[in-house]
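Summary of the model geometry
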Amino acid sequence: MLMEVHDLKKYYRKNLLFFRKDKALVKAIDGVHFFIKENEIVGLVGESGCGKSTLSRLLVKLEKATAGSITFQGENILQLRKEEWKRCRKECQIIFQDSLSALNPSMRIRDILSEPLNNHYRLTKEEKRSRITEMTASLKLNRKVLDKFPKSLSGGELQRVNICRALLLEPKLLICDEIVSSLDVSIEASILALLKRLNRELNMAILFISHDIRAVSYLCDRVLVMKKGKIVEVIDNKNPLYKVNHPYTKKLFSSLPINHPSKRE
Ligand SMILES: Nc1ncnc2c1ncn2[C@@H]1O[C@H](COP(=O)(O)OP(=O)(O)O)[C@@H](O)[C@H]1O
Ligand SMILES: [Mg+2]
């Protein structure tokens, strides 16, 4: 098992009014259980505000969980010390929707891509160069992009750079939080195909977070359906006979065209 999450909770305290002492609790993640197997593509769907991004941030400790456990490759990451976590973090990469803000605007793409290699490996200049060239080619990124600054890249190119940067660390798990949501349909399709290929070729699991049911149905082996901080159903997308159970899942999936495979009776 690559990752196991047990009874994970994240509560936020929200100030109601500045002069009132009492605070409301927002239960953004409210007792979540799931697992991700090696090499599996798992989807996470649910409407805006249900807690998808909060969950993704918890999984890589960008935020502190209120309660619960997250086991990654057999270790409870919530108990790891800083150095141990750095080693673990390399294997568990995350990419966000806002592809531009993730990149330092004053650095050329080549230097942005070198940074993680400098942080985690001892490589010669030549080794770095060849790894970056190889990976950008594999992601079908034009080599000219390497000498440019983030601002002059298209949305699709930026997201490929983010994927490239994550993949240079050879992660076992890639978490993608709405990474195609702001891209054109054709570019989205090419990124989805890319993720599918990388999953096969690199034996890398993917947690694909999206509110786009269609993208998730195309890509994922299993799909976690989230509602108000809880996982209400896990869809076995590999089983053509699987019928969705929960009324909320039915509602979400009703936006699919009737000829979609997952809707055939
Ligand atoms: N830093 C925060 N402080 C207070 N509430 C937050 C914070 N981050 C998220 N929330 C709340 O947690 C809930 C889940 O948000 P989020 O994880 O961003 O949902 P999603 O990604 O599914 O749209 C929302 O109600 C949101 O307002
Ligand atoms: Mg989100």
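The preceding data block contains the structure.
Residues numbered from 1 in each chain as written. Chains lettered and ligands numbered in written order. Predicted model: local features only at pLDDT ≥ 70, side-chain atom pairs only at ≥ 80, totals over all residues. Heavy atoms only, no water.

1. So, the pairing of strand S9 (residues 222-227)
Extensive coverage of S9 is indicated by the burial of five of its six residues. Bridge analysis of strand S3 (residues 41-45) against S9 gives four bridges, and the strand direction is parallel. Along S9, the bridge assignment pairs Gly43 with Val223. Bridge analysis of S9 against strand S10 (residues 230-236) gives six bridges, and the strand direction is antiparallel. Bridge pairing links Val225 to Glu233 in S10. Between S9 and S10, which pair antiparallel and follow one another directly, the connecting turn spans two residues, one of which, Lys228, has a positive phi of 45°. (Buried < 20%, exposed > 50% of the residue type's maximum accessible area, 1.4 Å probe, protein only. Helix = DSSP H or I, 4+ residues; strand = E, 2+ residues; numbered from the N terminus. Pairing = 2+ DSSP bridges.)

2. Notes on the packing of helix H5 (residues 155-167) against helix H6 (residues 185-202)
Between H5 and H6, the least distance of the axes is 11 Å, while the angle of their chain directions is 15°. On the basis of the axis angle, H5 is roughly parallel to H6. Classified by chirality, the crossing of H6 by H5 is right-handed. Contacts from Gly156, Gln159, Arg160, Ile163 and Leu167 in H5 reach Ile187, Ser190, Ile191, Leu194, Leu195, Leu198 and Leu202 in H6. (Axes fitted to C-alpha atoms, helices over the stretch in contact; angles between N-to-C directions. Parallel < 35°, antiparallel > 145°, perpendicular 65-115°, else oblique. Left-handed = near helix turned anticlockwise from the far one by under 90°. Contact = heavy atoms within 4.5 Å.)

3. Here's the deal with the side chain of Asp30
Turning to its location among the elements, Asp30 is positioned in strand S2 (residues 23-36). A distance of 2.8 Å separates the side chain of Asp30 from the side chain of Lys230, its partner in a polar contact. Discounting chain neighbours no more than four positions away, the residues touching Asp30 are Leu8, Lys9, Tyr11, Gly229 and Lys230. (Polar contact = N/O pair within 3.5 Å; in protein donor to acceptor, adjacent residues only side chain to side chain.)

4. A closer look at the nonpolar core
General note: in soluble globular proteins, nonpolar side chains tend to be found buried as a group. Counting 49 residues, the largest nonpolar core has Ile163, Leu174, Ile179, Leu195 and Phe208 as the members making the most contacts within it. The element best represented in this core is H5, accounting for six residues. Not counting the four nearest positions on each side in its chain, Leu174 is found in contact with Gln93, Ile95, Ala166, Leu167, Leu195, Met204, Ala205, Ile206 and Leu207. Ile29, Leu44, Cys88 and Leu224 belong to the second-largest nonpolar core, a separate cluster that totals 31 residues. (Core = buried A, V, L, I, M, F, W, Y, C linked by side-chain atoms within 4.5 Å.)

5. Considering the site of ligand 1
With respect to spatial proximity, the complete set of residues near ligand 1 consists of Tyr12, Ala28, Glu47, Ser48, Gly49, Cys50, Gly51, Lys52, Ser53, Thr54 and Arg57. The contact in question runs from an oxygen atom of ligand 1 to an N or O atom on the backbone of Cys50, over 3.3 Å. With respect to ligand 1, the side chain of Thr54 contributes an N or O atom lying 2.5 Å from an oxygen atom. The element contributing the most residues to the shell around ligand 1 is helix H1 (residues 52-59), with four residues. A class-by-class count of the residues in the shell around ligand 1 yields three nonpolar, five polar and three charged. (Near = heavy atom within 4 Å. Nonpolar A, V, L, I, M, F, W, Y, C, P; charged D, E, K, R; others polar.)

6. Considering the pairing of S3
Where burial is concerned, most of S3 is hidden: five out of the five residues are buried. Burial along S3 is two-sided: the residues Ile41, Gly43 and Val45 and Val42 and Leu44 are all buried. Across four bridges, the pairing between S3 and strand S8 (residues 205-209) is parallel. Counterpart to Ile41 in the pairing with S8 is Ile206.

7. Thoughts on the side chain of Glu178
Tracing the sequence through the fold places Glu178 in the loop between strand S7 (173-177) and H6. Lys52 provides the closest opposite charge to the buried, salt-bridge-free Glu178, at an N-O distance of 4.1 Å. The contact partners of Glu178, leaving out residues within four places of it in the chain, are Lys52, Gln97, Ile209, Ser210 and His211. (Lys, Arg positive; Asp, Glu negative; His and termini not counted. Salt bridge = Lys/Arg side-chain N within 4 Å of Asp/Glu carboxyl O.)

8. Points about the sheet that holds strand S6 (residues 92-95)
The strand order S6-S7-S8-S3-S9-S10 describes an open sheet built from six strands, whose pairing is mixed. Bordering the open sheet on either side are S6 and S10, each of which pairs with just one other strand. Along the sheet, successive strands turn relative to each other by an average axial angle of 20°, direction set aside. Taken strand by strand, H6 contacts S3, S7 and S8, and its axis lies near 155° from that of S8.

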